[in-house]
Amino acid sequence: MDLTLLAPRAVTPDGIAAVTVGVRSGRIAAIEPIDADLPAERSIRLGDDEVLLPGLVDTHVHVNDPGRAEWEGFDTATRAAAAGGVTTIVDMPLNSLPPTVDADALQVKRKAADGRVHVDVGFWGGAVPGNLGELPRLHAGGVFGFKCFLLDSGVPEFPPLTHFELADALRVLRDVDALMIVHAEDAEVIEAAPPSCGRRYRDFLASRPRRAENEAIKAVITLARRTGARVHILHLSSADALPLIADAKAEGLRITAETCPHYLTFHAEAIPDGATQYKCCPPIREDANRDALWQGLADGVIDIVVSDHSPCTPDLKRLDTGDFGHAWGGVASLQLGLPAVWTEARRRGHDLARVVDWMATKPASLAGFARKGRIAVGMDADLSVFAPDEPFTVDVHKLAHRNPVTPYHGRDLHGIVRTTLLRGREVSGAPFGQLLSRGDA
Ligand SMILES: [Zn+2]
């Protein structure tokens, strides 16, 4: 072996066990009992307070590079990922310029990322009005699926699909067995709601009612049924939609759903007025809604937890005026997903194996990464050494993402990532992450 990791506790597909993990040529080549004699050039022995985890797979990250790299960028985003135990990210097709809506734009994106990434990176394509003919080309180019909006995305170069256009896109994707991931809020419901303006969080929340999500999700389910395509609901916030998703799954439709660490951590009643670092769409809702989302996770109705890391510059967050109507919507959290979810999960009686399932194993299988998300022979040796009981207070200035804004600043969490390995090598110094394409990952 090139390397062995001796772990008194490791999260494996068979549960938490004491094992020696052998790494050869970047892959996991052996998993033996911890006292096995496995010769290796180098060995790492984990402490009794540490757990070996598979690297997390975060399928919802806005890197915004090229074009809006002052908001984030491949170097800073992937440093933050590695520091948070995330070894694979999939970059969203919008907020970069150009958006990833045709094969040329995918090449521009790959060029911007090449040689600059500290973890492995894949890309989503975008489905927008008029690019139906590009979808098979993007698919052949290696994107992991396609994102669309059902209402204004916040940037003019990535317009939403009508329900008719979504149906057409789903038929194209069904024929190549590609996944459609949907920002599911209904434009008409939002338009009919009172507009968001001013510093009061209550008013912002009222401008993005649960019904907007519920109605959009109903429409997506109807079209999944009609077309037979695979669909995924992004960043579920409205717990009212859980029965809809549960019924659609029970019916045999190919539908999955995600929620995000911020919906599982924060609740509306505790968000101060003017605190626009909490603004995201759909919004963080009431405490009882948060409890219901946790129940949805426990029940398996929600499949995965991924960050929706969507940062911007401090001026665009309007932290000076605290006006929710004008602030950019997006929460920066890529480095904090694991401790945030773990802190709340342990309080609610879930173990680390469950957290790994939500944040590594299932996101890998959703996106189609055959060698990611599990500690098992044949997998890439993407690993982290995690100290689950160590407390810390989030200091935004110590985080690796570009702009020092996050609602987690000052939050007390548990769980420190001490080391991250990508294909058997510690992530530090020069970047050696790879750009991944569907089919070869
Ligand atoms: Zn997003």
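Residues numbered from 1 in each chain as written. Predicted model: local features only at pLDDT ≥ 70, side-chain atom pairs only at ≥ 80, totals over all residues. Heavy atoms only, no water.

Participant: Kindly report on the overall build of the protein chain, identifying the contributing residues and their values.
Facilitator: Looking only at helices and strands, the protein chain features 12 helices and 17 strands. The C-alpha radius of gyration computed for the protein chain amounts to 21 Å, which stays within 12% of the reference 22 Å derived for 441 residues, consistent with globular compactness. The proportion of buried residues among the 441 residues of the protein chain is 60%. Restricting the contact set of the protein chain to residue pairs at least 6 apart, pairs at least 24 apart contribute 74%. Surface exposure of the protein chain reaches about 15,900 Å², of which carbon and sulfur atoms provide 50%. Within the protein chain, one finds 47 positive and 59 negative side-chain charges whose respective centroids are separated by 1 Å. (Helix = DSSP H or I, 4+ residues; strand = E, 2+ residues; numbered from the N terminus. Rg over C-alpha atoms; globule rule 2.2 N^0.38 Å. Buried < 20%, exposed > 50% of the residue type's maximum accessible area, 1.4 Å probe, protein only. Contact = heavy atoms within 4.5 Å. Areas by Shrake-Rupley, 256 points an atom, 1.4 Å probe, with all protein chains shown as cover. Lys, Arg positive; Asp, Glu negative; His and termini not counted. Charge placed at Lys NZ, Arg CZ, Asp CG, Glu CD.)

Participant: Describe in detail empty space enclosed by the protein, supporting the description with residues and values.
Facilitator: Under the defined criterion, the tally for this structure stands at two cavities of 30 Å³ or more. Approximately 90 Å³ is the volume found for the largest cavity. Along the walls of the largest cavity sit 16 residues, with L56, D58, V86, G337 and M359 positioned nearest its centre. No other element matches the three residues that strand 6 (residues 56–61) contributes to the lining of the largest cavity. A class-by-class count of the residues in the lining of the largest cavity yields 10 nonpolar, five polar and one charged. Empty space within the second largest cavity amounts to approximately 60 Å³. (1 Å grid on protein atoms, 1.4 Å probe; cavity = no way out; pocket = protein on both sides within 12 Å on 5 of 7 lines; lining within 4 Å. Points joined across faces, edges and corners; volume = space filled by probe spheres on them. Nonpolar A, V, L, I, M, F, W, Y, C, P; charged D, E, K, R; others polar.)

Participant: Tell me about the sheet that holds strand 14 (residues 304–305), and name the residues and values.
Facilitator: Strands sit in the order 9-10-11-12-13-14 across an open sheet of six strands; the sheet is parallel. Pairing within the sheet leaves two strands with one partner each, and these edge strands are strand 9 (125–126) and strand 14. Sheet analysis places strand 13 (residues 255–259) next to strand 14, joined by two bridges and oriented parallel. In the sheet register, E258 faces strand 14, and the bridge partner there is I304. The sheet strands contacting helix 7 (residues 210–227) are strand 11 (179–183), strand 12 (230–233) and strand 13, and the helix crosses strand 12 at an angle near 170°. (Pairing = 2+ DSSP bridges. Axes fitted to C-alpha atoms, helices over the stretch in contact; angles between N-to-C directions.)

Participant: Summarise the pattern of salt bridges; cite the residues concerned and give the values.
Facilitator: In the structure shown here, the tally under the stated rule is 35 salt bridges. A salt bridge links K372 to D380, with the nearest nitrogen and oxygen atoms 2.8 Å apart. Per residue, the accessibility class of K372 equals that of D380, and both read buried. Within this structure, R27, D120, R371, K372, D380, D382 and R423 form a network of salt bridges that share partners. (Salt bridge = Lys/Arg side-chain N within 4 Å of Asp/Glu carboxyl O.)

Participant: Run through the coordination of the zinc ion, naming residues and quoting values.
Facilitator: Those protein atoms acting as donors to the zinc ion are H60 (NE2), H62 (NE2) and D308 (OD), and they sit at 2.1 to 2.2 Å. Between consecutive donors of the zinc ion, the numbers of intervening residues give the motif H-x1-H-x245-D. Of this pair, H60 sits in strand 6 while D308 sits in the loop between strand 14 and helix 11 (337–347); the two residues are 248 residues apart in sequence, bridging distant segments of the chain. Assigned by exposure class, H60 and D308 land together as buried. (Donors = N, O, S within 2.8 Å, 3.2 Å for Na, K, Ca; no water.)

Participant: Please provide a residue-by-residue account of the sheet that holds strand 6, values included.
Facilitator: Each strand in a sheet pairs with another by means of backbone hydrogen bonds, the pair being arranged parallel or else antiparallel. One open sheet holds the three strands; their spatial order is 6-7-8, and the pairing between them is parallel. Taken across any chain shown, the strands that pair with only one partner, and hence form the sheet edges, are strand 6 and strand 8 (120–123). Averaged over all adjacent pairs, the angle separating strand axes in this sheet is 20°, with direction ignored. Sheet topology note: the strand 7 (residues 86–91)/strand 8 ladder contains four bridges and is parallel. Across the sheet, the residue bridging to D91 is F123, located in strand 8.

Participant: Residues and numbers for the packing of helix 11 against helix 12 (residues 352–367), please.
Facilitator: Closest axis-to-axis distance for the helix 11/helix 12 pair is 10 Å, and the angle between their directions is 135°. Of the possible angle classes, the one that applies to helix 11 and helix 12 is oblique. Where helix 11 crosses over helix 12, the handedness of that crossing is right-handed. Here G337, L338, V341, W342 and A345 of helix 11 lie close against helix 12, whose contacting residues are L352, V355, W358 and M359. Considering only residue class, the contact of helix 11 with helix 12 consists of eight nonpolar, one polar and no charged. (Parallel < 35°, antiparallel > 145°, perpendicular 65-115°, else oblique. Left-handed = near helix turned anticlockwise from the far one by under 90°.)

Participant: Just give me the short version of the side chain of R290, but keep the residues and values in it.
Facilitator: Mapped onto the secondary structure, R290 falls in helix 10 (residues 287–299). Here R290 falls in the buried class, since its relative accessible area comes to 7%. The residues contacting R290, other than those within four sequence positions of it, are Y263, L264, T265, F266, H267, E344, R347 and R348.

Participant: Give a description of helix 1 (residues 74–83) that names residues and reports values.
Facilitator: Residues spaced three or four apart along an α-helix face the same direction, because each turn holds 3.6 residues. For helix 1, a buried count of seven out of 10 residues is recorded, marking the element as mostly surrounded by other parts of the structure. When helix 1 is considered as a whole, its buried residues turn out to be F74, T76, A77, T78, A80, A81 and A82. Turning to helix 1, the residues buried within the fold contact strand 7, helix 2 (103–113), strand 8 and strand 16 (412–422). Looking one or two residues past helix 1, G85 carries a phi angle of roughly 80°, positive in sign.

Participant: Can you break down the side chain of D65 residue by residue, with the values?
Facilitator: Checked against the element boundaries, D65 lands in the loop between strand 6 and helix 1. For D65, the side chain forms a polar contact with the main-chain nitrogen of F74, separated by 3.1 Å. Not counting the four nearest positions on each side in its chain, D65 is found in contact with G73, F74, S96, K109, A112 and R116. (Polar contact = N/O pair within 3.5 Å; in protein donor to acceptor, adjacent residues only side chain to side chain.)

Participant: Which residues make up the nonpolar core, and what values do they have?
Facilitator: Of all hydrophobic cores here, the largest spans 101 residues; its most connected members are I89, L166, M180 and W358. Ignoring any residue separated from it by four or fewer positions in sequence, one finds I89 in contact with D58, V61, V63, T78, A81, V119, D120, V121, G122 and L334. Counting residues in hydrophobic clusters, the runner-up holds 29 residues, among them V57, I181, V189 and A441. (Core = buried A, V, L, I, M, F, W, Y, C linked by side-chain atoms within 4.5 Å.)

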